[in-house]
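The lines below spell out each chain.
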Amino acid sequence: MSSSSVPTDAGRVEQELRQLWRHEAEKSSAGPVLCSRTLNLIVYCRNFADVQRATALLDPIISHHPCRAIVISPAAPQSEEEIHTEVSASCLTSHGGNRYIGRELVSLAAKPSAHRRVASMARALILPDLPVFLWWRDAKSLGSELFQLLSELAERVIVDSAGLEDLQADWPRVHALVQRPGLAVSDLAWSRLTSWRQLIAQLFDGPARASYLHRLHRMVVEFSPEGGEPKVPADALLLGAWLARQLGFTNSHPVLPQDNPTQHAAAVAWELSKESSRLVVELRQGKRPGTGVTAVFLSCQGTPQAVFVVSRTQDGKGLATRAELPGQATMRRLVRTGDESATCLVSRELEILGRDVLYEQVLRIASELAPALSPA
Amino acid sequence: MAVLTMENPLREGIRLERTPDPCVMVIFGASGDLTKRKLMPALYNLWRERLLPAGFSVVGFSRTDMNDAQYRAAMKEAVEQFGDQGPLNGEAWDNFAEGLFYLSAHPGHPEDYASLASILEEIDRQRGTNGNRVYYLAVPPSSFAGIVQQLDAAGLAQGEKGWRRLIIEKPFGHDLQSARELNQSISKVFHEEQIYRIDHYLGKETVQNLLVFRFANGIFEPIWNRRYVDNVQITAAETVGVENRAAYYEESGALRDMVQNHLSQVLALTAMEPPASMGAEEVRAEKLKVLRAIPPITGDRVGSCVVRGQYGPGWVDGKEVPGYRSEPGVDPNSKTDTYVALKLFIENWRWAGVPFYLRTGKRLPKRLSEIAIQFRQAPLLLFNQTPAEQMSPNLLVIRIQPDEGISLKFTAKQPGPSVHVRSVTMDFRYATSFGMASASAYERLLLDCMLGDPTLFAHRDAVEAAWGIITPILEAWANRPAPSLPNYAAGTWGPAEADGLLQGGGCWRKP
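Nothing here was measured: the structure is a model prediction, and the numbers come from that model.

The rules behind the values
- Residues numbered from 1 in each chain as written.
- Chains lettered and ligands numbered in written order.
- Predicted model: local features only at pLDDT ≥ 70, side-chain atom pairs only at ≥ 80, totals over all residues.
- Heavy atoms only, no water.
- Helix = DSSP H or I, 4+ residues; strand = E, 2+ residues; numbered from the N terminus.
- Polar contact = N/O pair within 3.5 Å; in protein donor to acceptor, adjacent residues only side chain to side chain.
- Pairing = 2+ DSSP bridges.
- Axes fitted to C-alpha atoms, helices over the stretch in contact; angles between N-to-C directions.
- Contact = heavy atoms within 4.5 Å.
- Salt bridge = Lys/Arg side-chain N within 4 Å of Asp/Glu carboxyl O.
- Buried < 20%, exposed > 50% of the residue type's maximum accessible area, 1.4 Å probe, protein only.
- pLDDT = per-residue confidence, 0-100.
- Expected span 1.5 Å × (residues − 1).
- Bend = angle between axes of the 7 residues up to and from the residue.
- Parallel < 35°, antiparallel > 145°, perpendicular 65-115°, else oblique.
- Left-handed = near helix turned anticlockwise from the far one by under 90°.
- Nonpolar A, V, L, I, M, F, W, Y, C, P; charged D, E, K, R; others polar.
- Phe/Tyr/Trp six-rings, centres within 6.5 Å; stacked < 30°, edge-to-face > 60°.
- Patch = residues over 30% accessible without salt bridge, like charges linked within 9 Å, V, L, I, M, F, W, Y side chains within 5 Å.
- Areas by Shrake-Rupley, 256 points an atom, 1.4 Å probe, with all protein chains shown as cover.

Asks: Explain the side chain of Glu360 of chain A to me, please; I cannot follow it from the model alone.
Replies: By the secondary structure assignment, Glu360 of chain A is in helix H11 (residues 357-369). A distance of 2.9 Å separates a polar atom in the side chain of Glu360 of chain A from a polar atom in the side chain of Arg355 of chain A.

What follows is the structure, given as structure tokens:
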């Protein structure tokens, strides 16, 4: 990898990148260096430490999605420059060992007074004819001036609503995002639910199993909040909203949670309706290891009750399902969880260009539920 | 493409994943090599990746005397040996194995099919498989018709509840006549849309990507024709010899074993017209048109358009290997072809006059399968400082295995005051570009069958059309003396006579 610090000017950055490429080509004895880029990725980091974390995550992401990455972060307080710029370029050796695919990284650390300037630099550095993704790694500053400026450059914004501190207060900002025309939104909290949604759906495959969906009357989403604070995480809220949306339940109103296993744990519940049917969705803190959603219990009306369970395994690497149906042996299943690392989740989002309509609809329902959540 | 279980509203919007209805796969030949090496590892991988439904079950049907527990243990050993997971996580495997059942049975005994019916009904009850069945015939083709008739007699081939599908493995006959007879006997019991003729080549990522590459990019299709393409070379090379398949291979040979199915299917995908949609029927119809547009090579033309070979002793990958006739189980005077190269033409407006060269062989220097599209040379050599022979034509290579990917060779100027040009290659490889392993061909195809998507399976008409190309060659070979065999050393690219097939002093690619 070659890197250098350069004056703050998009033209000079491009010039420097060309120099780095030439340097890489001179080092290579195996013929021309080929450059392959599939997208532009703008990454906003909340501080210098986050820049380091994000840069480490970018390496494997860029190897899946060759791109120009522009990493933007707040400047260090002691910095004298309004914008500090660094560029680096590196090559990947292909399987044949004699050809290379390039990647470029431009880092811009900007003071708050330079937000407009840094956004204009980013605009100038964007490679033409390629999609632009904005990965916003600071959920707290969603909607800020810099976010507004950078999101105008992007076709898709990647956020992680799991980072929101106060769902009740912050959720409307996420909801507002998806209402912006021309901007698609990826939410990593929603992406983490893919395995859960898939397994829950599989529990009801086939006409015999699907009939239980009509009798479903209670869903409990058990979660384990990050850092142990008793507050409902975004993914638990999204999962509850998803089930309600898929089954056509609306008109929610808060009700008292039925079971609260620990005295100080967070718990919240709603009752939703569809014609004469009622569905109670309860989110509650559990004791299972892990963070985010750790188990889902679905119970159906009838005697004896049919119960469907999906839960994270003790080692956190798998998901177990259980179906207890009247007159049948309990059916169990264990599968491994899909890769939920940030690298993998972001990589997957970079494969998608269109809007995720289902997410947007689920988000709307989650927004209707969110006011019932207690503030942190 | 397949329709998901629409009665389950929770399925809507789960992107990227397709999961079939709960079903039972009945494997005939359940203790055989194919089941151990390919089917069970593929099914277990699909299960682990959450691509199979919770109630998915397997019933092994075989003569070997075993019970459920012994079958589960044998399959665990097979998945550990032939799968890519290494030692199996006990809990995950146990969970999968709960859906494995075994019936020690004879494929010719009607009472065993009655037992099978009882087991299937019980599984339906306990595991919610709802009458959905896949019958996988992992047995020699000579057993196909008998098993199909027994399934019919036992009322297992059709049913009011659920769907029934049949998977059969190649060879689909040994010539046109036998292929027709086989198709007729099966079609008396199963409708064509229930029959899935598996060709694992078509499950490979690059073969599927061929359609995307051709029909999702605007720049290739306009030059994908006789005006711009000089020739097409399709190669399927193996480094292995006959291994433990001598009995089969002695009867088959390379032409039947590879060209009739794998290579003809790849050829059809390479040359077909854009289908009206990517629906199975539309894609298969276009492939069929290609095969029907290939005039059979008959009579004396066989000598000038087809070269057959057989390997002698030699060195492959640093190891000395015996000749074909010295392999265990092979007739010391065998005339069986272990190599074949053909020159074919497709008589339609797109391809008239463009030779398609197909070759396949055992004990060649490398294991690889690829399609190489060689474009016509630039019409005028303007760069006099570069020798004409250095001006190589553009070449598009689609690698099917290993290192699935696509590369394009083009010419560029070397930096400097003089105009010296050289060829450079632009490479796209699945593994590096997407950084993820593709599902195995069997995983993809088994899943497609369970989803009811026959796009990547051979239609009866295509099988018969391919035999229509191959059978006249087999007949000509039978009626004329074989060349002096063996005629190529193991570890070489086949007999020298194969070079004579290429027009205009061209040569085979040496990948």
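After that view of the structure, there is still more to cover.
Asks: Teacher, can you tell me more about the sheet that holds strand S16 (residues 331-336) of chain A here?
Replies: Within a sheet, each strand pairs with its neighbour through backbone hydrogen bonds, oriented either parallel or antiparallel. Residue and element names in this part refer to chain A. Pairing is mixed across the open sheet formed by 8 strands, whose spatial order is S10-S11-S12-S9-S13-S14-S15-S16. Lying at the two open borders of the sheet, with one neighbouring strand each, are strand S10 (250-255) and S16. Across the sheet, the mean angle separating the axes of adjacent strands is 15° when strand polarity is ignored. For strand S9 (residues 216-224) and strand S12 (residues 277-285), the ladder comprises 6 bridges, and the chain directions are parallel. Bridge pairing in S12 links Met219 to Val281. Across the sheet, helix H7 (residues 194-203) is in contact with strand S13 (292-300), strand S14 (307-312), strand S15 (318-324) and S16; its angle to S14 comes to roughly 155°.

Asks: I keep staring at the pattern of salt bridges and nothing clicks. Help me out?
Replies: Pairs can form between side chains of opposite charge once their charged atoms are near each other. Residues and elements named next belong to chain A. According to the stated counting rule, one finds 37 salt bridges over all chains in the structure shown. Two residues, Arg46 and Asp50, come together in a salt bridge whose shortest N-O distance is 3.8 Å. Classification of Asp50 by relative accessible area gives buried; the value is 0%. Arg68 is the salt-bridge partner of Glu104, the closest N and O atoms lying 2.9 Å from each other. Linking Glu104 in strand S5 (residues 100-110) with Arg68 in strand S3 (residues 67-74), this pair joins segments that are 36 residues apart in sequence. Both residues of the pair, Glu104 and Arg68, belong to the buried class. In this structure, a network of salt bridges that share partners links the residues Arg46, Asp50, Arg53, Arg137 and Asp138.

Asks: It is not clear to me how the confidence of the model for chain B should be interpreted in this structure. Could you clarify?
Replies: Residue and element names in this part refer to chain B. Overall, the predicted model of chain B reaches an average pLDDT of 87, with 93% of residues at or above 70. Throughout residues 1-6 the model reports pLDDT below 50, and contacts reaching past four residues in sequence, or to other chains, amount to 13 contacts. Here the complex is predicted with pTM 0.73, and the ipTM for its interfaces comes to 0.72.

Asks: Would you explain helix H3 (residues 90-97) of chain B in this entry?
Replies: At 3.6 residues per turn, the α-helix brings residues three or four places apart onto the same side. Turning to H3 of chain B, its buried residues number three or more, namely Ala92, Trp93, Asn95, Phe96 and Ala97 of chain B. Where H3 of chain B is buried, its residues meet S16 of chain A together with helix H1 (33-48), helix H2 (68-82) and strand S3 (100-104) of chain B.

Asks: Where do I start with H1 of chain B in this structure?
Replies: All names here are of chain B. Helix length check: H1 (16 residues) gives 22 Å between terminal C-alpha atoms against 22 Å at 1.5 Å per residue, within 8%. Maximum bend of H1: about 35°, positioned at Leu39, with proline Pro41 one to four residues after it. What H1 keeps buried is the set Thr35, Leu39, Met40, Pro41, Ala42, Leu43, Tyr44, Asn45, Leu46, Trp47 and Arg48. Where H1 ends, the next residue or the one after it, Arg50, has phi of about 65°, a positive value.

Asks: Sorry if this is basic, but what is going on with the confidence of the model for chain A here?
Replies: It should be kept in mind that the predicted coordinates are not to be read in detail where pLDDT is low. Residues with a pLDDT of 70 or more make up 89% of chain A, whose mean pLDDT is 84. For chain A, per-element mean pLDDT is lowest for strand S1 (residues 2-6) of chain A, which scores 60, and highest for strand S6 (residues 132-136) of chain A, which scores 95.

Asks: Where do I start with the packing of helix H5 (residues 167-178) of chain A against H11 of chain A in this structure?
Replies: The axes of two packed helices give the description: the angle between them and the distance between them. Residue and element names in this part refer to chain A. Where H5 contacts H11, the two axes come as close as 10 Å, and the packing angle between them is 150°. Considered as vectors, H5 and H11 are oriented roughly antiparallel to each other. For the pair H5 and H11, the crossing hand works out as left-handed. Contacts from Trp171, Val174, His175 and Val178 in H5 reach Tyr359, Glu360, Leu363, Arg364, Ala366 and Ser367 in H11. Class assignment of the residues belonging to the contact of H5 with H11 gives a composition of 6 nonpolar, 2 polar and 2 charged.

Asks: Would you mind showing me how to read the packing of aromatic side chains here?
Replies: What the rule picks out here adds up to 23 aromatic pairs over all chains. On the basis of an interplanar angle of 45° and a centroid distance of 4.4 Å, the ring pair of Phe204 of chain A and Phe308 of chain A is categorised as tilted. Taken together, the residues span a long stretch of sequence, with Phe204 of chain A in the loop between H7 and helix H8 (207-210) and Phe308 of chain A in strand S14 at a distance of 104 residues. A ring pair is formed by Trp93 of chain B and Phe96 of chain B, whose centres lie 5.3 Å apart and whose planes are at 55°; its orientation type is tilted. With Trp93 of chain B and Phe96 of chain B both in helix H3, this residue pair falls 3 residues apart, about one helical turn. The same class applies to Trp93 of chain B and to Phe96 of chain B, which are both buried.

Asks: Looking at this structure, how should I read the pairing of strand S13 (residues 356-361) of chain B?
Replies: Regular strands place side chains that alternate from one sheet face to the opposite one. All names here are of chain B. Burial analysis of S13 places 6 of its 6 residues in the buried class, the great majority of the element. Here S13 shows no split at all, with Phe356, Leu358 and Thr360 on one side and Tyr357, Arg359 and Gly361 on the other all buried. Here strand S7 (residues 229-237) pairs with S13 via 6 bridges, running parallel. Among the inter-strand pairings, Ile234 is bridged to a residue of S13, identified as Leu358. Where strand S12 (residues 339-344) meets S13, 6 bridges bridge the pair, whose relative direction is antiparallel. If you follow Lys343 over to S13, its bridge partner there is Tyr357.

Asks: Mind showing me how you'd approach a nonpolar patch on the surface here?
Replies: On the surface, a nonpolar cluster with roughly 380 Å² of combined accessible area is contributed by Leu380, Leu382, Phe383 and Val419 of chain B. With respect to the helices, strands and loops of the structure, Phe383 of chain B is situated in the loop between strand S14 (368-375) and strand S15 (395-401).

Asks: Please clarify how the packing of H1 of chain B against H2 of chain B should be interpreted in this entry.
Replies: Residue and element names in this part refer to chain B. With their axes 8 Å apart at the nearest point, H1 and H2 run at an angle of 90° to one another. As judged from the angle between their axes, H1 and H2 are roughly perpendicular. For the pair H1 and H2, the contacting residues are Thr35, Lys36, Arg37, Met40, Pro41 and Tyr44 in the first and Tyr71, Met75, Ala78, Val79 and Phe82 in the second. Partitioned by chemical class, the residues of the contact of H1 with H2 number 8 nonpolar, 1 polar and 2 charged.

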